[in-house]
Structures are given as C-alpha cells and as structure tokens.
Amino acid sequence: MKTPYKNIYTILQQNRLIVLTVVIGAVLTSIVSILMVVKLHKETVNNAFVVNTDGSVIPLQLVSQHENLEVELLAHLELFHTYFYHIDASNYEKHLEKALWLGDSSVDALYQQKKADGVYNRILQYSLIQKVLRIDSKIDITQEPYRFESTTIFEINRGSITDTYELTTSGNIMHVDRNFPNNTHGLLITNFFENKLKKISNGE
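Along each chain, residue indices are assigned from 1 in the same order as the chain's sequence is written. Only residues with pLDDT of 70 or above have their local features reported here, since the model is predicted, and side-chain atom pairs are shown and tallied only from 80 upward, although totals for entire chains, interfaces and linings are computed over all residues. Hydrogens and water molecules were not included; the side-chain quantities draw on all heavy atoms of the structure.

Here's the deal with the side chain of T190
Mapped onto the elements of the fold, T190 is located in strand β7 (residues 187-201). Burial classes follow relative accessibility: with a 1.4 Å probe on protein chains only, a residue under 20% of its type's maximum area counts as buried, one over 50% as exposed, and anything between as partly exposed. A relative accessible area of 8% means that T190 is categorised as buried. Discounting residues that sit within four places of it in the chain, T190 has contacts with D104, S106, G171, N172 and M174. Counting from the N terminus, the helices are DSSP H or I runs at least four residues long and the strands are E runs at least two residues long. Working rule for contacts: check all heavy atoms of both residues, and any pair within 4.5 Å makes them a contact.

Things to note about the packing of aromatic side chains
Pairing of aromatic side chains requires ring centres within 6.5 Å, counting the rings of Phe and Tyr and the six-membered ring of Trp. Pairs whose planes differ by under 30 degrees are stacked, by over 60 edge-to-face, and all others tilted. A full pass over the atoms with the stated rule returns eight aromatic pairs. Measuring from ring centre to ring centre gives 5.4 Å for F80 and F84, while their planes differ by 20°; the resulting arrangement is stacked. Here the residue F80 and the residue F84 both occupy positions in helix α2 (residues 62-85), the gap between them amounting to four residues, near one helical turn. Considered together, F80 and F84 belong to a single accessibility category, that of buried residues. Each ring, one from F84 and one from Y85, has its centre 5.0 Å from the other, and the planes form 80°; the classification is edge-to-face. Each residue in the set F80, F84, Y85, F154, Y165 and F192 is aromatic and connected to the rest through ring pairs, giving one cluster.

Points about the nonpolar core
With 31 residues, the main nonpolar core has F80, F84, Y120, I189 and F192 as its most contacted residues. If you list the elements that add at least two residues to this core, you get α2, α3 (92-100), α4 (105-116), α5 (119-126), β4 (129-140), β5 (146-157), β6 (162-175) and β7. Per-element accounting of this core gives the leading share, seven residues, to α2. When neighbours within four sequence positions are excluded, I189 is seen to be in contact with H76, L77, F80, L102, G103, D104, V107, F148, N172 and I173. Side-chain atoms within 4.5 Å link the members of a nonpolar core, which is a set of buried Ala, Val, Leu, Ile, Met, Phe, Trp, Tyr and Cys residues.

Here's the deal with the layout of surface pockets
The space that makes up the largest pocket amounts to roughly 380 Å³. Lining residues are those with an atom within 4 Å of a point, where the points come from a 1 Å grid over the protein atoms alone and group into cavities, where a 1.4 Å probe fits but cannot get out, or pockets, open sets with protein on both sides within 12 Å along at least five of seven lines. Lining the largest pocket are 17 residues, with K114, V119, Q130, I156 and L197 sitting closest to its centre. The set of elements that each furnish at least two residues to the lining of the largest pocket consists of α2, α5, β5, β6 and β7. No other element matches α5, which puts four residues into the lining of the largest pocket. Grid points are joined across faces, edges and corners, and a volume is the space filled by probe spheres set on the points.

Here's the deal with the side chain of T168
Locating T168 in the fold gives a position in strand β6. Its relative accessible area of 10% is what places T168 among the buried residues. If we skip the residues at most four places from it in the chain, T168 touches E149, S150, T151, F193, E194, N195 and K196.

Structural notes on the sheet that holds β4
Strand pairing in a sheet takes place through backbone hydrogen bonds and is either antiparallel or parallel in direction. Strands qualify as paired when DSSP identifies two bridges or more between them. Spatially, β3-β4-β5-β6-β7 is the arrangement adopted by the five strands of the open sheet, whose pairing is antiparallel. Unpaired on one side and paired on the other, β3 (87-88) and β7 mark the two borders of the sheet. Sheet analysis places β6 next to β7, joined by 11 bridges and oriented antiparallel. Following the sheet pairing, E166 is matched in β7 by K198.

Considering unusual backbone geometry
P145 follows E144 through a cis peptide bond whose omega is 5°. Among the structural elements, P145 can be located in the loop between β4 and β5. The step from F180 to P181 runs through a cis peptide bond, and the omega angle for that step is 5°. Even without being glycine, S127 reaches a positive phi, approximately 50°.

Listed below in structure tokens is the structure:
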C-alpha cells in the first residue's frame, strides 16, 4: 500500500508556523537579554565595589563619590578666589601666580585687564589690603564641565577707611591632570567672568 502524499500547502503552512515561532522566540530572547544587560549596567554604574578583609564584597554608592566631587569643586573654587582676590602689596604677585594655575586663558585675560587698568599698581602705590571675608559657591555637577556661580565678600582697607564689597563670578570647571603643588585638585576653571560688583558697606 502506498503512503499518500501530504498536501504541499499544508506542509508550507506548518513550516511557516515553525519559522515564525522560532523568530518570535529569538526576538523575545534578545529583548530579555538586552533588558538584563541594561539593568546590570545601571546597577554597576550606581555602585562601586570593594573587597572587605573577610572576603565579602561591599557596594559603595556613587552618591558618596558625587559628594567627594562636590567637596573638591568647592575647595578648588575657594582656593582660586582666595588667591585671586585676597591680595596686598606683599603677596599679590605670589597669590596671582598661584591663581593662574587654577584657571584657563579666561582667568589670564581678566588678570591682564586688571593689570592694564592699574589695579595692582594702586595696591602698591597706596598700600591697599584686599581681604576675602567669605566665599559661597553653587555648582551644577550633573554634567561636565560643571557650571558654577560664586559670591565673594571682601573688604578693601585704605588705612583709616575700610569698604566691603560683594562680587559675583561665574564659569565652568573641568578635570585636568593633577599638578603638585600647582593644581592639586586636578581641576581647571574655564569661561571665568566677573558678573556683578557692588559695595555693601562704606568704611569710616
């Protein structure tokens, strides 16, 4: 007895169904794999790991690393503003030289402008003392270069007269190679600009 042949269309439909099932399964497997890799990547990015003395792995949240970054940025800004604005006849050259290591050409351009305007000559001529009292900075650390705005309160002592000023500055900070002792934080101020200067008290 001969075996009857199956309908060719039935066989094709079965093959199409098998191929479609395999393709859908492969696509689903790929999607699940990609989602797992993305999840693993996020968990890895959000955590750092160290090995404890007993061999256990301890996760460290990047929040602490962000906090450390913010502390370094604030310290860099305070150091720069102190060097650049806390000056008198005896230290201005040394302080300005140190300040120029902490910023780019925008800082140097401001220094050259002040020099051309006779700011430092007046400090020498009249023995002025420019003293920084307080520095408050706000930083956006969501993306590098980090945007900042600083408010520096300083006073200028003219002997019997002391005037107090408030200076608002802004710019960006980016990472560079550390340079000891000139730039220990490995940060560089860019696009530095003096936005507003106002007198907040008159000396007597």
